[in-house]
Every structure is written in C-alpha cells, then in structure tokens.
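Residue-level structure breakdown
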Amino acid sequence: MPPIRIPPPTVNLTTNSIFMDRRRFLFSMSAAIAASSAVFGGLQSLQAAVKQQPATIAGLTLAQWDVIALIQTHLLPSEKDSPGAKEINALSYFQSVITQPRHDPADKTFLRQGLNEIETRAQKKWRHRFFTLDHDQRENILRDYEQTRDGHSWLVMIMDYLMEALLTDPLYGGNPNGIGWQWLQHTPGFPRPPFKQPALFA
Amino acid sequence: MSRDFDVCVIGSGAGAGPIIWSLANAGYSVVVLEKGPYLQTKDFFKDERYGNLRDGYKPDLRDEPHILEEEDDDGHWRARNTYRSGTNFWNGNLVGGSSNFMSGFFHRLKPVDFHLRSTFGAVEGANVVDWPIRYDDLEPYYTKVEQIIGVSGKVVKHPHQEPRSTADFPYPPTEVHPVAHLIDQASEALGYHAIPTPRAVLPQTALGRQGCSYSGYCGAYGCATGAKGSSRAALIDQAVATGRVKVRPYSMVKKIRTDGSGKISAVDYFNKQGQVKQVDAHIYVVACQAIETARLLLNSKGSKHEYGLGNRNQQIGKNLLFAGGGSGSGRLVYSKMKKDKAESLKEFGAFVNRAIQDWYVIDDPDFGPPQKGGTIDFVHMHPNPVVRATRQIYGQNGLIWGTELKRKLERHFVDSRYLKIEAFCDWMPIDDCHVTLDANTKDKWNLPVARVRTGYHVQNLQVGWYLASRGAEVLKKMGAENVISFASGKPPTNLIAGGCRFGNDPAASVLDADCRSHELDNLFVSDGSFMPTGGSVPYTWTIYANSFRVADKIIAQLGGKKSA
Ligand SMILES: Cc1cc2nc3c(=O)[nH]c(=O)nc-3n(C[C@H](O)[C@H](O)[C@H](O)COP(=O)(O)OP(=O)(O)OC[C@H]3O[C@@H](n4cnc5c(N)ncnc54)[C@H](O)[C@@H]3O)c2cc1C
Ligand code: SF4
C-alpha cells in the first residue's frame, strides 16, 4: 500500500468551515465584535480620535505606531497598479481591531514586545533606530527576527491583519471602495453586512 | 399530571427541527430551549469577517471553552483549553443551530451502513456494531426530508445508488458551475461515475421560501434567502406558525432534574438575564449536538442517576464520531487555457455539485479484503478571500512578503480556479474518542465543560487516503496543476455524531432503537448522538430523517396525532 501522507494541522474536512491554522488563529480574535462608530469610521474618524487622545493607542506611542506602519508597508508595498498597506488603510484597520473591547489583551502585550525586540535588534546590528534604516537593513532585521518562534508569530500576526485590511468589507475600515477586491478580482458575497454588527453573545 | 408543555426540546438544530415540526403539526404543545438567539432569514449577510474570522455566531471561548485531548507523538494524551487552540467545537449557537451554516451536501446512508459488523466483520481496535434498524426503516424518512425540508438533485445510475421509494428528487439540481462539466468528462474518461450531489438547497421558490440567489458564499454563511434547508427556515419557523410552539431563545439548559424516584421532574435553564428558570413537560428531547448532548446528560446527575441521566451503564459520551476522510485540491490555470474556457471558469456563484461514490465499498485486491469505503465530493475552495490570502504568506523557506507576496496573491486569485476534493469515510468508533466532563474547567454558568478526546483509528487514514487519491486522479485528468491529496486524522469539528449510541443491549448503548433512553421512557435524544457508526457521508440528512422517525415514535407514545 502506498504511504499515507498525514497533512499539517491546517486540514479540516469540510470546505465550509474556515480552515484556520493554529498560528493564524492564535492571533485572531475569537470574540464577537461589538461595534462602535469609531471602529467602522475608517481612517478619517480614527485620525480625529487620535488627535483628541494623542498619547497612546493600545499602549503604543504614536511613534511606535509609525514603526508598525513602516513594517506594514515593507510587508505589503504600494505599486503603480496595485495597492499596498497605505492604500488599504492597514494601520487604522489594525488599530481598530486591537482596541476592540473584547480583544485579547495578550495581543497588545505581544505587539509591544515584538516592537521592542525589533528596535533592540536594529540598534544592536545597525546602531540606528529601525525607523531610519533603509529597505535592505529593515529586511535583514525582519528576516532575522522571523527565525525566532516569537518573531515568526509576530510577523504572522501583522500579516494576517494586513490581509484582513486588504480583503474584508470596507465597512470595517480597510479595503476602501473595495480596492483590494478590485486588484484581486474578487467577487464579494451579498447581501453585504449591515453597519452595526449584532453582538450575540455579549 | 399537568405539565407546562407536551414536549420540551433542548437545542434547535437539525436533530431538533423535525421533532418540533412534527409534534406541532400533530397537535401537541412544544417548548424549545435554545441557548442562542432567534435570528430570522433577513438577519443574515455575507461577511468575510463577522461569521468566519470572528466566530460571531459562536460563544466566546473564554466564556465557554472545551477541553481538547490529543495524542502527542509519544502516545501521551495532552489536554488543553480550546481558547486560542485553533479548535472550536461550537458550530453555531442560535435557533437552527449549525444547520444555518451548513453547505447542505446531502447524501443518504446506504443499506450496508446499517450492518457493517455483519458484512465486514470486526475491525481490530474499533467498536463497530450493526444498527438496531435497517435502511428500509429510515427510507421513508429520507424521502420525507426531500419533500419537507427540500432536497434538490437528480437520480443517475451508478454502482452504489441506494434504493429509493420515489423515482427522483422533488426539486431539480441547482445551477452548476462550468467546472462540473470538466469533472464529468474526466470521470467518464477514467470510467468513474460523477453524480450530481444532492443539496438541501431550493433552486426555486417553494415551501414558502425563496430559491437560491447563488451568492457564492454558502457553507459557513447563514442563508439570506431561506433556500438552504436549515432547521430554522425549513421547520421551526413553520412550526411556530401553528401557534403550538414556544421558542425560548437565550435559554441555556443547565440540568435535567430528576426526583427521588429517578423520574424527570423539570428542566433547569438560565435565561438571558442569567436567572435559573424551570419548565416541565411529558416528554423531553435532547438535541444539543453530540458533544453538548453528552455533556448535558452527564451534568444531569440525580440521586438515582449518579453517573448522569440514564447513564447507569456509563455509556454516555463513548464512541464519539467525526467525519473521517481525506482531502485534496488542484489548480486550473486560466493563462494556460483557451480564452473562452478561462472566461467560463471565471464564473462565480453556481455550485460544483459533483460527487463520486464508486468506492462506497472498496473491492480492490491491492487494498486488501473488501471493506467500507466512502464518498468523494468536489467543491469550490472556500470563498473567504482573507483565509485564502493568509495562506499565501507561507513559503517553503519561510514567510513570503513584499512584491513576491503580491505576485503570489495575483497568481492565486486572478489566474486560478481551485477545485477541492473532500473524501468522507467512516470514522471508526474507538475507545479513545469520547466525551467526559472536565474536573477543573467550568463555563461562565459555572457548569463543568466537556472534555473531548479525539483519537482516531488508522483505518480512517487508509480509506481517506484511498478515496482522496482517486479524487486527485480526476483533478489531474482535468488538467489541474499542483494536485495534492492526503488523509487526515484530525477531526472536522463541524461534523459530529455518536456518544449516545442506540442499540438493543442496554449494557452497550444509551438509547433503544427508537432513540429513547433505556432507563427513562420519556427521555429521547434526536441529534446525531444516536449513531453507532457514522456512514461515509456528511451526517445531516440522516440526522433529519432519524429525527422525523423519532418524532413518529413520540407521537405514538403520546397517543397519536390529535384530530384538528
Ligand atoms: C460550516 C458548516 C458546514 C456544514 N456542511 C454540511 C454539509 O454540507 N452537509 C451535512 O450533512 N452537514 C453539514 N454540516 C453539519 C450540520 O450542520 C450538522 O450535522 C447538524 O446541524 C447537526 O445537528 P445537531 O442538531 O446535532 O446540532 P446543531 O444543528 O448544532 O444544533 C444544536 C443546538 O443546540 C444548542 N445547544 C447546545 N447546548 C445547549 C444547551 N445546554 N441548552 C440549550 N441549547 C443548547 C446549540 O446552540 C445549537 O443551536 C455543516 C456544519 C457547518 C458548521
Ligand atoms: S442563497 Fe443559496 S448560496 Fe446563498 S446561502 Fe442560501 S442556499 Fe447558499
């Protein structure tokens, strides 16, 4: 009998359930979303909110969020014919997700730790702040960090939310005017989600 | 004795709907206790995030986890909380249960499934038994499901076509995607029989529900037209219209209470405000989906039921079943085919609807003595673009990002039509697949949670592999690239049965042949828990059919249909 290949744990039998692998799930929020207009208002309302409370968001300073934005752009760069992190509002999308009331606080801690680690590595290797490194130096730091277990998970978390900002309904603040769907010729389902989500198990 | 209702049904999914519908239509009063909300067809929408990525129709696992026990490489059982584990045994807590979200791939069991033990003999390490009923006992109810819930399809001749009392389905097949014709051609060339997959989906307005809108987002999504034969849309909404059914949403049943003589006195449940309420009835029916049904019965201890309700012989929770099988996929590349063919394959919305059952029994000397095989379904890749995109970040040498990721996304989304195979075989019932109560973990209501051990038998993998590789042959013949196929021992958490076997021997089963407790004549279990073996198809048609059968037993026990 031919050998049996046992698949990685991503496999679930039905097409219908969503096949999340563990890493992905680890950094996905499993709770229902309690909606608020700030959450769904997209970039502008978020910037307005930021102006009112400029100190920190999710425990990160605005300078730290600038680094996150830079990393997002590094991972999903803008090109002439296709959107990157900037065009899909990836930063504000991520901020809105991570500040949801029931979002696991462990993610915020993990986000901060990862950022500190990247900063430390940049200082140690290039004697500069990560924000000031050039593309290749940044690539070098991120690739090195990826080799560690935490680093890998941290980057997966950032990329998971990038993919969400690229391809979820514009209602959630990413994918403005369906720019991600258009790029990847994706047909969304219908009816589209309503403005306010039911929080069924609050 | 006066009781609040004739029948109290706990849960409202596929196992509950036929009971509710049948009893209400027979003139009896029914109360339905469902832990989730009562949403209507108009409340559902197709959202990449809410239902799928955030599990919006399932409880927060911080509040209501399960404990998962898996075997590690050294043969030790490791337990962990399902919160942040990647495994979630909840499938939808709302009126209609997980049937709201099913894809509705519907296959009947076949006569052989009712007597596997006497046909193929014992399987070492597995607890295979014959059923106490035969296919003929269930056939009229499969037909009833076709007519009342609405199953669309077309009967075509193939080697394992099961006997039917009607010539064909009451509804023609739903629209199919052009890729189905490629499957037909490839199968024919290989000498296989691709058949239209029956679906619990109405292709046209009927039964007071709208026809399918072909949104392309079906499995895992609630149906916004009513075309999908969920327990809610097809049965409960209609039953409520009789005026004899009281649905109590947000009612989490805590315990089925018994008196000093061991008889059921009432059901205790938490209402939305968290207060404990009680209700009583002449007959009690449990249909919380296999794991939660076992948990509720185990949590319902009483002075005469020290191991749980109706569990003198400690059989509750044993021989839990999932759907065994294999899987695979292939990629049809638009840029490598003629333009018109590529354009037709880009169509979005219609179903694949093809299955092969040529190896429902495998009689292949190279594979060993004749044995039970299964079903291969061909399906589209799940449409959720986020899940598909996220998978593209993994490469052979680490994560992929930057422009390389962007090109990969373009290839995946813009230049490809992916086709998946899902192979279903029997999940062998074994000692190491079961439900117990966890001694330490409680949910937000302070109730012990279910501890689920998910061991599997190697035969699941062998047969799953056999079937998946046959499906892969078809994909290759179609010209697909990157064809992969494999077997998996990981349980699909949306297809669950067993745990309260029916049988004639009270020492080895929980329920009698009518799905009535061996110990309490007014306690029935009507979800998939009754199945001693699972068959090689998804379970829901059988759950529905059996529930209609059990409903008839209950009606007879209550004195028959009431005259209007
Ligand atoms: C994404 C997806 C795709 C699927 N696709 C298919 C398919 O193509 N073909 C197929 O045959 N099957 C499919 N299924 C499986 C199908 O949905 C189930 O087999 C079927 O719904 C099971 O019926 P049930 O009555 O056992 O459980 P459910 O339908 O889940 O109903 C159980 C109900 O009990 C309630 N409940 C639980 N505990 C309590 C309590 N203590 N008190 C009160 N209420 C309680 C739950 O909230 C739930 O509503 C799919 C399932 C999913 C999730
Ligand atoms: S309308 Fe059709 S495709 Fe959409 S969920 Fe209902 S049955 Fe599925």
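Here's what I pulled together on the structure shown here. (Residues numbered from 1 in each chain as written. Chains lettered and ligands numbered in written order. Predicted model: local features only at pLDDT ≥ 70, side-chain atom pairs only at ≥ 80, totals over all residues. Heavy atoms only, no water.)

Residues and elements named next belong to chain B. With respect to the helices and strands, the residue Q40 is situated in the loop between β2 (30–33) and α2 (48–53). Residues Q40 and V95 lie 55 residues apart in sequence; the distance between their C-alpha atoms is 9.0 Å. In this structure, Q40 is in contact with R232 and D237, ignoring residues within four places of it in sequence. (Helix = DSSP H or I, 4+ residues; strand = E, 2+ residues; numbered from the N terminus. Contact = heavy atoms within 4.5 Å.)

This brings us to the sheet that holds strand β10 (residues 281–286) of chain B. All names here are of chain B. Read from one edge of the open sheet, five strands run β6-β2-β1-β10-β24, paired in parallel fashion. The sheet terminates laterally at β6 (245–248) and β24 (523–525), the two strands that pair on one side only. Put simply, the sheet's adjacent strands are angled 20° from each other on average, direction ignored. The strands touched by helix α1 (residues 17–25) are β1 (5–10), β2, β6 and β10; relative to β2, the strand with the most contacts, the crossing angle is about 160°. (Pairing = 2+ DSSP bridges. Axes fitted to C-alpha atoms, helices over the stretch in contact; angles between N-to-C directions.)

So, on to unusual backbone geometry. Geometrically, the link from F190 of chain A to P191 of chain A is a cis peptide bond, its omega value of -5° lying close to zero. Tracing the sequence through the fold places P191 of chain A in the segment after α9 (179–183). Even without a glycine there, the phi angle at A58 of chain A is positive, about 50°. According to the relative accessible area criterion, A58 of chain A is buried, its value standing at 15%. In this model, A220 of chain B sits at a positive phi of 80°, which is unusual for a non-glycine residue. When you line up the elements, A220 of chain B lands in the loop between β5 (194–196) and α6 (231–241). (Buried < 20%, exposed > 50% of the residue type's maximum accessible area, 1.4 Å probe, protein only.)

The next point concerns the interface of chain A and chain B. With 83 residues of chain A at the interface, the matching set in chain B holds 90 residues. For R102 of chain A, the salt bridge goes to D63 of chain B, with nearest N and O atoms at 3.5 Å. No other element matches helix α8 (residues 149–167) of chain A, which puts ten residues into the side of chain A that touches chain B. (Salt bridge = Lys/Arg side-chain N within 4 Å of Asp/Glu carboxyl O.)

Our next topic: the environment of A472 of chain B. All names here are of chain B. As for its placement among the helices and strands, A472 is situated in helix α11 (residues 458–477). The exposure class assigned to A472 is buried, which follows from its relative accessible area of 4%. Residue contacts for A472: discarding those within four places in its chain leaves I421, V483 and S485.

Our focus in this paragraph is the packing of aromatic side chains. Residues and elements named next belong to chain B. Summed over the entire model, instances satisfying the criterion amount to 27 aromatic pairs over all chains. Seen from their ring centres, W21 and F548 are 6.0 Å apart, and the 85° between their planes marks the pair as edge-to-face. One end of the pair, W21, is in helix α1; the other, F548, is in helix α12 (residues 540–558), and 527 residues separate them in sequence. Taken as a pair, W21 and F548 share a single burial class, namely buried. Taking the centre distance of 6.2 Å and the plane angle of 70° together, the rings of Y217 and F348 count as edge-to-face. In this pair, Y217 sits in the loop between β5 and α6 while F348 sits in the loop between α8 (339–345) and β13 (354–356), placing the two residues 131 residues apart along the sequence. (Phe/Tyr/Trp six-rings, centres within 6.5 Å; stacked < 30°, edge-to-face > 60°.)

On to the pattern of salt bridges, then. Proximity of charged atoms lets side chains of opposite charge pair with each other. Applying the stated rule across the entire model yields 47 salt bridges over all chains. D104 of chain A is paired through a salt bridge with R84 of chain B; the nearest N and O atoms lie 3.1 Å apart. Placement of D104 of chain A in the loop between α5 (90–98) and α6 (105–126) and of R84 of chain B in the loop between β4 (77–81) and α3 (116–120) is noted, with the two residues assigned to different chains. You'll find D104 of chain A and R84 of chain B in the same group, each marked buried. In this structure, D438 of chain B and R451 of chain B form a salt bridge, with 2.6 Å as the shortest nitrogen-oxygen distance. Taken together, the positions of D438 of chain B in strand β20 (residues 433–442) and R451 of chain B in strand β21 (residues 448–454) put the pair 13 residues apart, joining distant regions of the chain. We classify R451 of chain B as partly exposed; its relative accessible area is 24%. Each of E69, D432, D438, R451 and R453 of chain B takes part in a single network of salt bridges with overlapping partners.

Residue and element names in this part refer to chain B. Evaluated as defined, the whole model comprises seven cavities of 30 Å³ or more. The space that makes up the second largest cavity amounts to roughly 140 Å³. Forming the boundary of the second largest cavity are 17 residues, of which Q161, E162, F169, I195 and P198 lie nearest the centre. Partitioned by chemical class, the residues of the lining of the second largest cavity number eight nonpolar, four polar and five charged. A domain-level breakdown of the lining of the second largest cavity finds at least three residues from each of domain 1 (1–62 + 91–152 + 200–313 + 496–564) and domain 2 (170–197 + 325–426 + 459–490). (1 Å grid on protein atoms, 1.4 Å probe; cavity = no way out; pocket = protein on both sides within 12 Å on 5 of 7 lines; lining within 4 Å. Points joined across faces, edges and corners; volume = space filled by probe spheres on them. Nonpolar A, V, L, I, M, F, W, Y, C, P; charged D, E, K, R; others polar. Domains from an automatic or database assignment.)

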